[in-house]
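This is what each chain is made of:
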Amino acid sequence: MSEHDTGSVEEVLIKYYDGTERLAKVVDREVPYPDGKLIVSRTDPKGIITHANRAFVEMSGYTREELLGVNHYILRHPDMPAVAFKDLWDTVAQGKKWQGYVKNLRKDGSYYWVKATVIPNIRNGELVGYTSVRRKPSRSKIKESEALYATLR
Amino acid sequence: MTLNLSVSPDFPPTHLSGWFIFNTWLQRQLDTGVHLELYDSFDAQREDIRNGKIDLIYANPYDASMLVRELGFKVLVRPRNRADETVIAARADDPRNCVEDLEPGVKIATTADPDVHTMGMIMLESADLDKDNVSFQEYDSYVLVAKALLNGQADAGFFLKAGYDELSELVRNKTKSLVSSQISVVHHTLVIGPRMQEHAELLRERLLGMEEDPKGREVLKSMGLDGWDVMDEEETEFMIDLIDTLIE
Ligand SMILES: Cc1cc2nc3c(=O)[nH]c(=O)nc-3n(C[C@H](O)[C@H](O)[C@H](O)COP(=O)(O)O)c2cc1C
């Protein structure tokens, strides 16, 4: 899909913020964002997935059962810089909306880009979780993000 | 005390009489006077909602946030199988076949419907198009949006999918869809205001029972609806959260 995809396959050790890590297969192959769809998920206040819509299940390559109850970092792609997610968490912790471009890792190792918006879910004045809604990003924004994130890793 | 019913100005005009029939049905159920107040303009309706003039409204999802979170309205029910989806269409003979084929400077025909306009703008983003590099012409109905496409006044048009599907075949065949949203969880809701809460339980029960009853079915049919489904508070909050992520 992306003109510089090589299709190369690597095993990459991904280290998460909470100290855990996993060896993940990473394939340099983009899966195009489905037209007209929104990819929706919700988490609890700690980032554990509590809801996934059909588009989310389809694009991630996991089953709904595999997604529910696990940390959202299951989708973290090693090309994403930690500062992007720090900015996400700092922003929503202040009760504000975060928006950014994210490269996500599918179960099969390939990737997809999204424009994500994350908002805190407030019920009776209390934070009960977060909702993330993703839409199709433009090629130019993907290019810009690739260049920017390469300098931040 | 007479209560006031209203309907979001985005419903197809063919169902106008259906809402009057519904209003009559409603008065019988509640045994109280209900006045149906209709609006041409979303803004005028919102102003009256804010001023507490409306007690029951068939609201578009965009207004649900204001009604529920700011004004204390509660969702009674939602229409079955009536998700609000958006279509971006062009003339059938236009060489452009997808949103990414549209370029800065395109002319877009739209309506004042906030949901459709918002979703249309979101679907243009993947082509790097936004309010600063496209021009808009606002029309009063989807039929007029289609006409603007056909007579070359616009390159692309935003339609409520239901409005697009209701165009005459003759007109629709001269257009083509560039993209159609598939969100499925954003839809209209019937919401009830604070002054009317005492009727909420009875009314919900009667609404859910409409499809079981021949008279009720007739009323539903005249409004173009299949029936009503329960919508609990968390489903409503979820829909509002989702819409919040889509608006600036
Ligand atoms: C609602 C919500 C949705 C998220 N969606 C994603 C996502 O799609 N992909 C992703 O890599 N991280 C997502 N995150 C961020 C992860 O929680 C996590 O911070 C990130 O993957 C980086 O992992 P780390 O913080 O353990 O280093 C999301 C967070 C929230 C609150």
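The shown structure was predicted, so the numbers you read here are calculated from the model rather than taken from an experiment. (Residues numbered from 1 in each chain as written. Chains lettered and ligands numbered in written order. Predicted model: local features only at pLDDT ≥ 70, side-chain atom pairs only at ≥ 80, totals over all residues. Heavy atoms only, no water.)

### What about the overall build of chain B?
Part 1 of the argument: Check the secondary structure of chain B and you find 10 helices and 11 strands.
Part 2 of the argument: Taking the principal axes of the C-alpha coordinates as reference, chain B spans close to 55 × 35 × 30 Å.
Part 3 of the argument: Considering only intrachain contacts with a sequence separation of at least 6, the fraction spanning at least 24 residues in chain B is 78%.
Part 4 of the argument: Accessible area of chain B: about 11300 Å², with a carbon and sulfur share of 48%.
Part 5 of the argument: Positive and negative charge centroids in chain B, built from 24 and 46 side chains respectively, lie 6 Å apart. (Helix = DSSP H or I, 4+ residues; strand = E, 2+ residues; numbered from the N terminus. Contact = heavy atoms within 4.5 Å. Areas by Shrake-Rupley, 256 points an atom, 1.4 Å probe, with all protein chains shown as cover. Lys, Arg positive; Asp, Glu negative; His and termini not counted. Charge placed at Lys NZ, Arg CZ, Asp CG, Glu CD.)

### Considerations on the interface of chain A and chain B
Part 1 of the argument: Contacts between the two partners involve 23 residues from chain A, matched on the other side by 24 residues from chain B.
Part 2 of the argument: Of the roughly 1900 Å² buried where chain A meets chain B, counting both sides, 51% is carbon and sulfur surface.
Part 3 of the argument: When residues of chain A are sorted by the area they lose upon contact with chain B, A:Leu38, A:Arg123 and A:Arg135 head the list and together hold 29% of the total.
Part 4 of the argument: Remark: the boundary between chain A and chain B carries 7 salt bridges. (Buried area = accessible area lost by both parts, 1.4 Å probe. Salt bridge = Lys/Arg side-chain N within 4 Å of Asp/Glu carboxyl O.)

### With respect to the environment of A:Pro120
Residue and element names in this part refer to chain A.
Part 1 of the argument: One can find Pro120 in strand 6 (residues 111–123).
Part 2 of the argument: Among the residues examined, Pro120 registers a relative accessible area of 12% and is labelled buried.
Part 3 of the argument: On a C-alpha basis, the gap between Pro120 and Arg42 in space is 9.7 Å, while along the polypeptide they are 78 residues apart.
Part 4 of the argument: Every residue in contact with Pro120, bar those within four places of it in the chain, is listed here: Val92, Gly95, Lys96, Leu127, Gly129 and Tyr130. (Buried < 20%, exposed > 50% of the residue type's maximum accessible area, 1.4 Å probe, protein only.)

### Here we look at the sheet that holds strand 3 (residues 39–43) of chain A
All names here are of chain A.
Part 1 of the argument: Across the sheet, 5 strands lie side by side as 4-3-7-6-5; this open sheet has antiparallel pairing. The two strands at the open ends of the sheet, each matched to only one other strand, are strand 4 (49–52) and strand 5 (98–105). Direction aside, neighbouring strands of the sheet carry axes that sit 30° apart on average.
Part 2 of the argument: Pairing of strand 3 with strand 7 (residues 126–135) involves 5 bridges; the strand directions are antiparallel. (Pairing = 2+ DSSP bridges. Axes fitted to C-alpha atoms, helices over the stretch in contact; angles between N-to-C directions.)

### Some words on helix 3 (residues 61–70) of chain B
Residue and element names in this part refer to chain B.
Part 1 of the argument: Of all 10 residues in helix 3, 7 are buried, a share of seventy percent or more.
Part 2 of the argument: Residues of helix 3 that are buried: Pro61, Asp63, Ala64, Ser65, Met66, Leu67 and Val68.
Part 3 of the argument: The elements touched by buried residues of helix 3 are helix 2 (42–50), strand 3 (56–59), strand 4 (74–79), helix 4 (114–124), strand 10 (189–192) and helix 10 (233–246).
Part 4 of the argument: Backbone nitrogen of Tyr62 and a side-chain oxygen of the N-cap are separated by 2.9 Å at the start of helix 3; the cap is Asn60.
Part 5 of the argument: Phi turns positive, to about 75°, at Gly72, one or two residues after helix 3. (Polar contact = N/O pair within 3.5 Å; in protein donor to acceptor, adjacent residues only side chain to side chain.)

### Re the pattern of salt bridges
Part 1 of the argument: Tallied over the full model, the rule gives 30 salt bridges over all chains.
Part 2 of the argument: The shortest N-O distance in the salt bridge between A:Arg139 and A:Glu30 comes to 2.9 Å. Highlighted residues: A:Arg139 in helix 4 (residues 139–152) and A:Glu30 in the loop between strand 2 (21–27) and strand 3, separated in sequence by 109 residues.
Part 3 of the argument: A residue is classified by how much of its surface remains accessible, and A:Glu30, at 7% relative accessible area, is buried.
Part 4 of the argument: Members of the salt-bridge network, linked through shared partners, are A:Arg42, A:Arg123, B:Arg69, B:Glu234, B:Glu237, B:Asp241 and B:Asp244.

### Here we look at the nonpolar core
Part 1 of the argument: Counting 57 residues, the largest nonpolar core has A:Leu38, B:Ile57, B:Ile88, B:Leu124, B:Phe159 and B:Leu242 as its most contacted members.
Part 2 of the argument: Contact partners of B:Ile57, with chain neighbours within four places excluded, come to B:Ser6, B:Val7, B:Gln45, B:Ile49, B:Leu67, B:Phe73, B:Thr189, B:Leu190 and B:Val191.
Part 3 of the argument: Within the second largest apolar cluster, 29 residues are counted, among which are A:Ile49, A:Tyr62, A:Leu88 and A:Val118. (Core = buried A, V, L, I, M, F, W, Y, C linked by side-chain atoms within 4.5 Å.)

### Regarding a negative patch on the surface
Part 1 of the argument: A contiguous patch of negative charge on the surface is contributed by A:Glu144, B:Asp128, B:Asp130 and B:Asp132.
Part 2 of the argument: As for its placement among the helices and strands, A:Glu144 is situated in helix 4. (Patch = residues over 30% accessible without salt bridge, like charges linked within 9 Å, V, L, I, M, F, W, Y side chains within 5 Å.)

### Concerning the domain arrangement of chain B
Residues and elements named next belong to chain B.
Part 1 of the argument: Each assigned domain of chain B is listed with its residue range as follows: domain 1 (3–82 + 185–246) and domain 2 (86–180).
Part 2 of the argument: Computed from C-alpha atoms alone, the centre-to-centre distance between domain 1 and domain 2 is 28 Å.
Part 3 of the argument: Counting residues at the interface gives 10 residues for domain 1 and 9 residues for domain 2.
Part 4 of the argument: Summed over both sides, the interface between domain 1 and domain 2 buries roughly 760 Å², with carbon and sulfur atoms accounting for 65% of that surface.
Part 5 of the argument: The largest per-residue losses of area from domain 1 upon contact with domain 2 belong to Phe42, Tyr62 and Leu246, which jointly make up 54% of the total buried on that side.
Part 6 of the argument: Looking at the side of domain 1 that touches domain 2, its residues break down into 5 nonpolar, 3 polar and 2 charged. (Domains from an automatic or database assignment. Nonpolar A, V, L, I, M, F, W, Y, C, P; charged D, E, K, R; others polar.)

### Notes on the packing of aromatic side chains
Part 1 of the argument: This structure, assessed with the given rule, holds 10 aromatic pairs over all chains.
Part 2 of the argument: Residues A:Tyr16 and A:Tyr73 carry aromatic rings whose centres are separated by 3.6 Å and whose planes lie at 5° to one another, so their mutual orientation is stacked. A residue pair is termed long-range when its members are at least 10 positions apart, and A:Tyr16 in the loop between strand 1 (9–15) and strand 2 and A:Tyr73 in the loop between helix 2 (64–67) and helix 3 (82–93) qualify at 57 residues.
Part 3 of the argument: Residue A:Tyr73 is classed as partly exposed on the basis of its relative accessible area, which comes to 24%.
Part 4 of the argument: For the ring pair B:Phe22 and B:Trp228, a centre distance of 6.4 Å and an interplane angle of 50° mean the geometry is tilted. (Phe/Tyr/Trp six-rings, centres within 6.5 Å; stacked < 30°, edge-to-face > 60°.)

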